Amino acid sequence: MLESHFSAQAAEPRLYVAWEQSGAFKPKADPDAETFSIVIPPPNVTGSLHIGHALNCTLQDILCRFERLRGKSVLWQPGLDHAGIATQMVVERQMAQGGTNENRRTLGRGKFLERVWSWKAESGGTITTQLKRLGASCDWSRERFTLDEGLSAAVRKVFVQLHKEGLIYRDKRLVNWDPHFETAVSDLEVVNEERAGHFWHFKYPLENGETYQFPIAFDEDGEPTEFETRDYISIATTRPETMLGDGAVAVHPSDKRYASIVGKRCLLPLADRLIPIIADEYPDPDFGSGAVKITGAHDFNDYKVARRHNIEMFILLDTKGRMLDADYIPEAYRGLDRFDARKQVVADIDARGLMLKVEDKLITQPLGERSDVVIEPMLTDQWYVDAAKLAANALKAVESGETKFVPESWTATYYQWMRNIEPWCVSRQLWWGHRIPAWYDEEGQIFVEETEAEAHAAAKAKHGRDVTLIQDEDVLDTWFSSGLWPFSTLGWPEDTAEMSRFYPTSTLVTMFDIIFFWVARMMMFGCHFTGKAPFSTVVIHSRVVDENGKKMSKSKGNIIDPTVLIDTYGADALRFTLAIAAGPGRDIRMSDKRVEGYRNFGTKLWNAARFAQMNECSLWEAFEPSAVKHTLNRWIVSELTKTAHGVESALSAHRFDEAAQISYAFVWGVFCDLYLELVKPLLNGEDEEAKSETRRTVAWVLDQILKILHPFMPFVTEELWDKTAEFGPKRTGLLINEAWPKLDVSLIDEAAAAEVGWVVDLVTGLRSLRSESNVPAGAKVPALLIGASKETALRLERYQAEIDRLARLDYSVVADAAPAGSVTFVLGEAIVAIPLAGVMDIGAEKARLSKEIARCTKEIETVSRKLDNPGFVAKAPAEVIEEQRERRAAYEAEKQKYEAALTRLG
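What comes next concerns the included structure. (Residues numbered from 1 in each chain as written. Predicted model: local features only at pLDDT ≥ 70, side-chain atom pairs only at ≥ 80, totals over all residues. Heavy atoms only, no water.)

Now for the packing of aromatic side chains. Going through the model one piece at a time under the given rule, you end up with 42 aromatic pairs. An aromatic cluster of three or more residues is present, and its members are Phe159, Trp383, Trp424, Phe480, Phe487, Trp492, Tyr503, Phe525 and Phe529. The lysine or arginine in question, Arg104, covers the ring of Trp431, its NZ or CZ lying 4.8 Å from the ring centre. (Phe/Tyr/Trp six-rings, centres within 6.5 Å; stacked < 30°, edge-to-face > 60°. Lys NZ or Arg CZ within 6 Å of the ring centre and 35° of its normal.)

Here it is in structure tokens:
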């Protein structure tokens with residue numbers, strides 16, 4: 001007999017081991033089976049399971065388990081990313097805490113990498129264990145790591161081939177520079193955060209004391225009416241230390257204020273260099289003074305202007321963010337930290353009388369995601385991929401429909417990025433990662449080959465003799481190797497059986513924020529090196545936020561740890577919560593209460609199985625659903641058929657929320673709350689034929705439910721699959737290996753649906769009427785059907801006992817009229833009435849409803865005043881506005897309910 005409850009803590013580890021040991025996670029060997037393949041977005045080797053991972057992997061696992069049930073050969077390819085900066089940071093921090101004064105520089109590259117590999121062996125991959133706790137059915141025997149030798153060989157081949165094709169090159173360009181880690185970083189590793197700062201306004205004197213007339217007052221048409229004589233041009237900056245690297249001052253060509261001095265020069269204070277005043281489209285005449293200092297080596301916009309006008313660029317900082325010892329930097333600032341230099345520059349400008357004003361201002365600061373230091377735009381020599389050329393075929397793959405985005409709206413985001421793509425900086429000044437396969441001779445000539453031996457051979461062919469070569473110190477951006485993930489994990493560049501069978505992969509599930517950084521890279525590399533897009537469908541899921549709709553962050557203290565939720569409520573509850581909330585285009589609000597609610601759903605299923613077992617509902621022989629005779633049994637078979645088709649259709653369309661909702665509604669609302677209640681008289685009755693059929697129907701429907709729910713709630717369904725066979729023939733295998741319910745649409749019985757549907761609608765209506773009329777739960781009241789047809793009267797007679805019991809009625813009967821003081825609703829051709837005289841104080845209930853209506857009206861007015869206030873809407877965060885709209889909608893719905901109840905009371 002089933003235990004009184006399902007113990008997730010005891011059962012989940014045992015069931016997961018059983019799945020793994022059975023080989024259920026491996027693809028079917030059947031060469032004729034249709035394939036379904038999916039690659040896990042490789043989590044960082046340093047990572048631990050967060051709620052975003054839990055959502056992403058739950059959705060993937062649902063698809064994989066669903067397609068296995070549908071008979072496909074499923075490969076879910078797992079693995080980990082070496083996470084260059086994150087891993088190096090962890091090991092360097094560990095060394096710093098060791099008290100030995102060791103760092104990677106004192107240790108040397110070789111010894112440091114040995115230390116990192118040792119850390120990886122001991123502590124890396126914690127997230128893999130956590131994913132197993134979630135129920136992830138990956139083929140762990142194929143687990144890969146982006147620094148595996150096979151994957152590293154693929155990386156070297158790709159780099160060398162792209163270089164020989166002219167698609168990888170070395171160039172001096174502006175990059176995001178992290179002074180803490182002393183490396184270039186990608187846009188993804190930069191967090192823009194608003195912080196309090198200043199806007200300094202300086203004078204740049206014109207050459208030789210020249211002057212011009214600057215307008216200071218204007219008429220209604222915008223024409224100047226007053227002027228002042230100026231011998232300077234005013235600029236404003238949030239980073240005063242960068243002025244030492246200015247190469248020009250730019251104004252807009254249409255800005256008449258400065259037309260007379262364009263082409264002239266001004267003196268760069270402190271550096272005492274003369275720089276040109278140029279015209280360019282970049283400055284905004286309506287922002288600040290309309291004049292912009294151009295510091296080409298330290299600002300991305302300025303860099304473009306400097307390139308357009310061939311303006312000299314002056315590099316100011318070293319790798320640690322200190323002012324360089326360079327002759328174009330005044331000696332007083334050399335060696336200073338950038339922020340100390342800022343203070344000194346401001347003081348010296350003020351001392352020269354060139355300070356116009358200082359404004360307090362919120363500044364958007366670019367911060368290193370992991371270092372939390374201010375990122376500097378820096379002009380450095382780096383390796384670049386010609387992403388624009390690689391993007392061409394990746395664009396065609398989506399334009400042609402070879403690859404589709406779900407929801408389709410994300411296609412526009414992909415197009416926007418790919419059609420405006422910039423060169424991709426792929427070099428990083430780190431030690432942990434794929435070292436760039438490029439070697440330099442004494443003259444600085446570069447030899448790019450897959451091995452050092454090949455590089456020496458190329459150098460010898462070039463020079464006619466052996467030469468000394470030094471390998472590039474840099475490693476590749478982590479996204480470079482993960483961009484090869486869909487095919488490198490299958491053995492490419494070797495022509496493996498897995499590559500021919502499972503590539504292109506079927507579906508990619510990921511979040512919208514890495515469309516640019518990972519999806520685009522995979523599309524570019526896949527199309528270029530295999531001639532095929534790496535996946536046919538890209539499913540973009542939403543983010544998980546807290547119960548108030550706010551983004552989770554450590555600083556806010558609203559982080560939800562999925563492992564704690566699994567410990568408390570079980571993996572099934574967390575998975576179902578995530579799935580049913582995963583609607584396209586909306587954030588997923590997460591709270592303990594929601595997860596607890598879906599744990600109760602699992603409990604409901606468990607109790608239904610216990611009920612079935614206690615009533616001897618077992619399958620002792622083959623069951624033919626089309627042969628059932630009793631209306632209630634025909635009805636549940638019909639409803640199950642609709643459910644199986646609905647869930648299959650929704651999952652095929654990647655509508656996880658719809659599939660989960662259909663399952664939930666059927667299992668809880670139809671099977672448990674209605675069918676099992678309606679068949680109790682049959683199970684306890686004297687009609688042995690009806691009893692036997694009902695027992696077998698209950699058992700068969702429960703089996704199909706376990707199959708339908710398995711992708712969402714694998715643990716409890718697998719446990720029930722085994723335990724419900726305790727008193728019948730033993731199962732021949734695990735549920736994970738069973739077949740999806742293939743139920744012919746001929747099983748949909750509209751006549752049975754109409755008859756039982758009428759009973760369900762009557763019971764549901766009576767329950768709602770009792771609740772909305774505030775009838776005490778324990779009160780037995782009569783129900784009258786007025787104007788009922790002969791067919792309706794016969795239905796009432798057939799199901800009277802079940803209706804009276806489920807709706808908690810004293811009796812139900814056909815009547816000619818409703819007595820005074822009745823509440824009613826319409827069902828078909830009949831009016832259903834509950835007489836309330838003598839059951840409750842109708843006057844008091846009317847007063848209560850009026851009071852509730854007044855309360856809701858007041859709340860609606862309060863919220864509306866906020867939402868109708870332009871100031872509130874302009875300043876309030878989007879999530880606050882949305883919360884207020886939801887509050888108003890909830891109060892309006894509540895008010896309508898009370899008004900309807902009051903109307904019924906007359």
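Applying the stated rule across the entire model yields 60 salt bridges. When the shortest N-O distance is used, the salt bridge between Glu596 and Arg599 registers 3.7 Å. In this pair, Glu596 and Arg599 both sit in helix α19 (residues 592-614), three residues apart, roughly one turn of the helix. Given the relative accessible area of 32%, Glu596 is considered partly exposed. Owing to a relative accessible area of 31%, Arg599 belongs among the partly exposed residues under this scheme. One salt bridge in this structure joins Arg855 and Glu894, with 2.6 Å as the shortest N-O distance. (Salt bridge = Lys/Arg side-chain N within 4 Å of Asp/Glu carboxyl O. Helix = DSSP H or I, 4+ residues; strand = E, 2+ residues; numbered from the N terminus. Buried < 20%, exposed > 50% of the residue type's maximum accessible area, 1.4 Å probe, protein only.)

Outside of glycine, negative phi angles account for most residues, and trans bonds account for most peptide bonds. Residues Val406 and Pro407 are joined by a peptide bond in cis, for which omega reads -5°. At the junction of Trp492 and Pro493, the peptide bond is cis and its omega measures out at 15° in the coordinates. Relative to the helices and strands, Pro493 is located in the loop between α14 (485-488) and α15 (497-502). For Asp372, which is not glycine, the phi dihedral falls at a positive 60°.

As a further point, take the packing of helix α28 (residues 842-867) against helix α30 (residues 878-904). Running from N to C, α28 and α30 point in directions that differ by 155°, and their axes come no closer than 9 Å. Our classification of the angle between α28 and α30 gives roughly antiparallel. Of the two possible hands of crossing, α28 and α30 adopt the one that is left-handed. Grouping the amino acids of the contact of α28 with α30 by side-chain chemistry returns 11 nonpolar, four polar and 12 charged. (Axes fitted to C-alpha atoms, helices over the stretch in contact; angles between N-to-C directions. Parallel < 35°, antiparallel > 145°, perpendicular 65-115°, else oblique. Left-handed = near helix turned anticlockwise from the far one by under 90°. Nonpolar A, V, L, I, M, F, W, Y, C, P; charged D, E, K, R; others polar.)

So, about the packing of helix α17 (residues 562-569) against α19. Their axes nearest at 11 Å, the elements α17 and α19 cross at an angle of 40°. You can see that α17 and α19 cross each other, and the crossing is right-handed. The segment α17 lies against α19, with Leu565, Thr568 and Tyr569 engaging Asp592, Val595, Glu596 and Arg599. In the contact of α17 with α19, the residues fall into three nonpolar, one polar and three charged. (Contact = heavy atoms within 4.5 Å.)

Taking 1.5 Å as the rise per residue, α28 with 26 residues should run 38 Å; its terminal C-alpha atoms sit 37 Å apart, in good agreement. All of the buried residues in α28 are Ile842, Glu845, Leu849, Glu852, Ile853, Cys856, Ile860, Val863, Ser864 and Leu867. Along its buried surface, α28 packs onto α25 (750-772), α29 (870-875) and α30. (Expected span 1.5 Å × (residues − 1).)

Further remarks concern the side chain of Glu189. Inspection of the secondary structure assignment puts Glu189 in the loop between β6 (183-185) and β7 (190-205). In this structure, Glu189 is buried with no salt-bridge partner, the nearest side chain bearing the opposite charge being Arg428 at 4.3 Å. When neighbours within four sequence positions are excluded, Glu189 is seen to be in contact with Ile85, Leu367, Gly368, Glu369 and Arg428. (Lys, Arg positive; Asp, Glu negative; His and termini not counted.)

Reading across from one edge, β21-β20-β22 is the order of the three strands in this open sheet, with antiparallel pairing throughout. In this open sheet, the two strands that pair with only one neighbour each are β21 (446-448) and β22 (470-471). Relative to β21, strand β20 (residues 438-440) is paired through three bridges, and the arrangement is antiparallel. From the neighbouring strand, Trp439 faces β21, where its bridge partner is Phe447. Seen against the sheet, helix α12 (residues 452-463) touches β20 and β21 and runs at an angle of roughly 135° to β21. (Pairing = 2+ DSSP bridges.)

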